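Take a look at the letters that make up each chain.
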Protein chains: 2
Amino acid sequence: MSQEPLTGTLALTVGYDGAAFAGFARQPGQLTVQGALEDAASTAMRRPVEITGAGRTDAGVHALGQVVSFDLEPAEEPDPHALLRSINGLAGPHIVVAEVRRAPHGFSARFDAVAREYRYRIVPGPVPPVFLSRYSWWIKRSLDLAAMRRAAQTLVGEHDFKSFCVAESAEGKRTMRHIELLEITTERELGEHALSVRIVGNAFLHSMVRVIVGTLVEVGAGRRPDSWVEQVLDARDRSLAGPTAPPEGLTLWHVSYPEEIWL
Amino acid sequence: MSQEPLTGTLALTVGYDGAAFAGFARQPGQLTVQGALEDAASTAMRRPVEITGAGRTDAGVHALGQVVSFDLEPAEEPDPHALLRSINGLAGPHIVVAEVRRAPHGFSARFDAVAREYRYRIVPGPVPPVFLSRYSWWIKRSLDLAAMRRAAQTLVGEHDFKSFCVAESAEGKRTMRHIELLEITTERELGEHALSVRIVGNAFLHSMVRVIVGTLVEVGAGRRPDSWVEQVLDARDRSLAGPTAPPEGLTLWHVSYPEEIWL
């Protein structure tokens, strides 16, 4: 009896400091998350590795729980802990593999994801943050949290988010998305006070979270009433929404998969 | 009736990212916290300003609630909010004035302080931190929290901490100090898991918090029993304590003054 050759997919949970990278997607001559991970994984696996990421984060955007996957070759059976240590030793100080899991052949970190959670950190008020300066958007005024929360509820559910993405990226594409949760909480991080905008959805359009945050801040700052956000949503026109919030406040926090997928 | 000339002292609550500075104390040709604050305050006040700090933090040590003070000259009456904005605009991105308060003539941020709180952040385990890498000590193994907490209790109260400071700094000096509180908690900061060692005391010897943390980690890592810390304390000999924990994990968190001192 011959043993079936062992193949499958490895899924790596990855964190990175977005300030160090020219975005997720590999680009020639640039330090990218995909490039750094593929180079480290290729060295560790002693053969070329191509990875797929759950979310193609823009330059400057951070990740705590990005998930990337790559296919194993027949009979490859790396020890997960050894691979984690090896890639962490190779990928440089701004990128960390927190977990290595095994999934069946054909698994894709991108297409098998059932939900993605992003968090956007804002520091409002006259005093700029010290420790959070790399990880937040400082807004020099106070924000009306209640108005922002009312406006946010308009966006929860299944909607056409064409107003809330990079206009060119939406041309001829389906722009319906489902937001499961959009909540705004106050937090203390590294001793500094911040607002955290937490968004969970099935998938996101290009810059969608940052346009949503930029739009909610228009309401929080009192420049627009909270009812304005529904008009923006209905118009399906990017030019009516608020500005795109800067990348340093955004973190891809978590990506969810069907629990039974892990081997 | 002539009005009494208005004099007094300004107390500034200051945060800074220790990685950017060669320590608190002014040194020629080096970027220091004292230098940056004195230069900014001198520009804002249009005359030379010399400041006194509550704690002379070492190179790499952070502060959230450092307090510095400087005397006002007769008839000087700066608007606290304008001064805060002005110094924050001048002092560079790694140092922030969070609050400006007025105290009576003769007040000293150093000598009137009644308690100082430091926090030391440790990330234990095989996965290095991403966002906390600048603000913590990564220890590649797990730590026995219960043993560290037992050992920590030995140090609470009034003791001679000669074993827990830079040996040369203790020569011929009084090394009795009072630790009011020493607690170790688990926290999640920027999404990453950390231990926080929180120490409150009346005053601290040079590197005292870092030697205490380095000693507690010897216990947590299982290299020493928790009873060893009492022997180290009794010996009054720096060479018997653990190593000095690295500066990036340490933050001067808060400095307390008698509440009635503020004008």
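Here's a quick rundown of the structure. In this text, all values refer to a predicted model and were calculated from it rather than measured experimentally.

Cut-offs applied
- Residues numbered from 1 in each chain as written.
- Chains lettered and ligands numbered in written order.
- Predicted model: local features only at pLDDT ≥ 70, side-chain atom pairs only at ≥ 80, totals over all residues.
- Heavy atoms only, no water.
- Helix = DSSP H or I, 4+ residues; strand = E, 2+ residues; numbered from the N terminus.
- Rg over C-alpha atoms; globule rule 2.2 N^0.38 Å.
- Buried < 20%, exposed > 50% of the residue type's maximum accessible area, 1.4 Å probe, protein only.
- Contact = heavy atoms within 4.5 Å.
- Least-squares fit on C-alpha atoms with pLDDT ≥ 70 in both.
- Axes fitted to C-alpha atoms, helices over the stretch in contact; angles between N-to-C directions.
- Parallel < 35°, antiparallel > 145°, perpendicular 65-115°, else oblique.
- Left-handed = near helix turned anticlockwise from the far one by under 90°.
- Phe/Tyr/Trp six-rings, centres within 6.5 Å; stacked < 30°, edge-to-face > 60°.
- Buried area = accessible area lost by both parts, 1.4 Å probe.
- Salt bridge = Lys/Arg side-chain N within 4 Å of Asp/Glu carboxyl O.
- Polar contact = N/O pair within 3.5 Å; in protein donor to acceptor, adjacent residues only side chain to side chain.

1. Some remarks on the overall build of chain A
Regarding its fold elements, chain A presents six helices and 10 strands. Relative to its length of 263 residues, chain A is compact, with a C-alpha radius of gyration of 20 Å against a globular reference of 18 Å. With respect to the three principal axes, the spread of C-alpha positions in chain A is 70 × 40 × 35 Å. Residues classed as buried in chain A amount to 56% of the 263 residues present. Within chain A, counting contacts between residues at least 6 apart in sequence, those at least 24 apart form 72% of the total.

2. Quick look at the relation of the copies chain B and chain A
In screw terms, the move from chain B to chain A is a rotation of 180° and a rise of 0.0 Å along the axis, fitting with an RMSD of 0.0 Å. The two molecules are tied by a two-fold rotation axis, judged by turn and shift. Closest to the rotation axis within chain B is the C-alpha of B:Glu189, separated from it by 2.9 Å. Same-surface contact between copies: 100% of interface residues of chain B are shared with the interface of chain A.

3. Overview of the packing of helix H1 (residues 33-45) of chain B against helix H2 (residues 80-90) of chain B
Residue and element names in this part refer to chain B. For the pair H1 and H2, interaxial distance at closest approach is 9 Å and the crossing angle is 130°. In terms of their interaxial angle, H1 and H2 are classed as oblique. As H1 packs across H2, the resulting crossing turns out to be right-handed. Facing H1, whose interface residues are Leu-37, Ala-40, Ala-41, Thr-43, Ala-44 and Met-45, H2 presents Leu-83, Ser-86, Ile-87 and Leu-90.

4. Points about the environment of A:Val200
Residues and elements named next belong to chain A. On the secondary structure map, Val-200 appears in strand E9 (residues 192-201). Note on Val-200: relative accessible area 11%, which makes it buried. In this structure, the C-alpha to C-alpha distance between Val-200 and Ser-42, residues 158 residues apart in sequence, is 32 Å.

5. Section: the packing of aromatic side chains
Tallied over the entire structure, the rule returns 16 aromatic pairs over all chains. Both rings, one in B:Tyr16 and one in B:Phe21, keep their centres 6.1 Å apart while their planes meet at 75°; by these two values the pair is edge-to-face. Using a relative accessible area of 1% as the deciding quantity, one classes B:Tyr16 as buried. Classification of B:Phe21 by relative accessible area gives buried; the value is 7%. On the basis of an interplanar angle of 55° and a centroid distance of 5.6 Å, the ring pair of B:Phe107 and B:Trp262 is categorised as tilted. One end of the pair, B:Phe107, is in the loop between strand E4 (95-103) and strand E5 (115-124); the other, B:Trp262, is in the segment after strand E10 (250-256), and 155 residues separate them in sequence. Comparing B:Phe107 with B:Trp262, the two get one shared label, buried. Aromatic rings pair up to connect A:Phe107, A:Tyr257 and A:Trp262 into one cluster.

6. Brief notes about the interface of chain B and chain A
With 28 residues of chain B at the interface, the matching set in chain A holds 28 residues. Together, the buried faces of chain B and chain A total about 2,200 Å²; carbon and sulfur atoms form 69% of this surface. Where chain B meets chain A, there are two salt bridges. Residue A:Asp17 is joined to B:Arg134 by a salt bridge in which the shortest nitrogen-to-oxygen separation is 3.6 Å. One can count four residue pairs in polar contact (both at pLDDT 80 or more) joining chain B with chain A. Of all the elements in the fold, those that place two or more residues in the side of chain B that touches chain A are strand E1 (9-16), strand E3 (62-71), H2, E4, strand E8 (176-189) and E10 of chain B.

7. Considering the pattern of salt bridges
Within the structure shown, the criterion is met by 28 salt bridges over all chains. Its salt-bridge partner being A:Arg150, residue A:Asp226 comes within 3.1 Å of it at the nearest N-O pair. Highlighted residues: A:Asp226 in the loop between helix H5 (208-220) and helix H6 (228-235) and A:Arg150 in helix H3 (residues 145-155), separated in sequence by 76 residues. Its relative accessible area of 47% is what places A:Arg150 among the partly exposed residues. In this structure, B:Arg223 and B:Glu218 form a salt bridge, with 3.0 Å as the shortest nitrogen-oxygen distance. The exposure class of B:Arg223 is partly exposed, given its relative accessible area of 47%.

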